[in-house]
Amino acid sequence: MSEEKVKKLIPKLPADEINTFLWKEDSVIHRHSDWEFTATADGTGVNLVNGEAFYSTPGVFLLLGPNHVHKQTSDLPIRRRDVCVSLEKMKELAGLLSPNLYKQLSEQTRPIQIKLSMESFNELHDRLNKAECLDKKESRNAILTSIVMYLLGASIEKIELMGTERIIAIGNQEDEW
């Protein structure tokens, strides 16, 4: 996918913002001005990122950077969950975990795959659903921040280098896909 084919540029989030959305349809080719964790809540699909296919199944989050051009597709209707994090908030949270983490994330040309056990994935998905329903912005932000910190923590705790692909496996999962 080249920059010319981008059909939608997702607007930049306010500096301190983290949002979550539950989608029930395929997406158009787009890119974000911020960071995005995306996961399939049920079913299977493909996330095309910069022209490369990454399979979407429950239990796997993809961390997409600001310049990753992507599109989610599937043959059957599926639900997918996105967590969008502003550049400033991602830099702040990554800096709390490791002084070089934000730089390392920013240098990735491919998305980072974070593979969770189904138990961990379902718990995060339930928490995201609850956060989306909260009226109090402070409570919602606290839950979303804790989820982003968990996923970022996974990226420095369990990172494995497999060729040029970075895969993070958390929980009781087999090492093979």
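Structure: above.
Read on for a plain summary of the structure. (Residues numbered from 1 in each chain as written. Predicted model: local features only at pLDDT ≥ 70, side-chain atom pairs only at ≥ 80, totals over all residues. Heavy atoms only, no water.)

Some points on the packing of aromatic side chains
(1) Moving on: Counted according to the given criterion, the structure contains 2 aromatic pairs.
(2) Moving on: When the ring of tryptophan 35 is compared with that of tyrosine 102, the centres are 5.8 Å apart and the planes differ by 70 degrees; the resulting orientation is edge-to-face. Pair noted here: tryptophan 35 is in strand E4 (residues 35-42) and tyrosine 102 is in helix H2 (residues 101-106), with a separation of 67 residues, a long-range link. Judged on exposure class, the residue tryptophan 35 and its partner tyrosine 102 are both buried.
(3) Moving on: When the ring of phenylalanine 61 is compared with that of phenylalanine 121, the centres are 5.6 Å apart and the planes differ by 55 degrees; the resulting orientation is tilted. Residue phenylalanine 61 is found in strand E7 (residues 60-64), and its partner phenylalanine 121 is found in helix H3 (residues 118-133); the two are separated by 60 residues along the sequence. (Phe/Tyr/Trp six-rings, centres within 6.5 Å; stacked < 30°, edge-to-face > 60°. Helix = DSSP H or I, 4+ residues; strand = E, 2+ residues; numbered from the N terminus. Buried < 20%, exposed > 50% of the residue type's maximum accessible area, 1.4 Å probe, protein only.)

Observations regarding the pattern of salt bridges
(1) Moving on: In this structure the tally under the stated criterion is 6 salt bridges.
(2) Moving on: With a shortest N-O distance of 3.2 Å, aspartate 16 and lysine 89 are connected by a salt bridge. One end of the pair, aspartate 16, is in the loop between strand E1 (8-10) and strand E2 (18-23); the other, lysine 89, is in helix H1 (residues 87-97), and 73 residues separate them in sequence.
(3) Moving on: Its relative accessible area of 10% is what places lysine 89 among the buried residues.
(4) Moving on: Its salt-bridge partner being lysine 89, residue glutamate 92 comes within 3.8 Å of it at the nearest N-O pair. Highlighted residues: glutamate 92 and lysine 89, both in helix H1, separated by 3 residues, approximately one helical turn.
(5) Moving on: One salt-bridge network, held together by shared partners, links Asp16, Lys89 and Glu92. (Salt bridge = Lys/Arg side-chain N within 4 Å of Asp/Glu carboxyl O.)

Things to note about H3
(1) Moving on: For H3, spanning 16 residues, the distance from its first C-alpha to its last is 23 Å, which sits close to the expected 22 Å at 1.5 Å a residue.
(2) Moving on: Every buried residue belonging to H3 is among Phe121, Leu124, His125, Leu128 and Ala131, and all of these are buried. Take H3 and look down its axis: the buried residues cluster within an arc of 125 degrees, on one side only. Structural note: H3 exposes Glu119, Lys130 and Cys133 on the side pointing more than 90 degrees away from its buried face. (Expected span 1.5 Å × (residues − 1). Arc of directions from axis to C-beta.)

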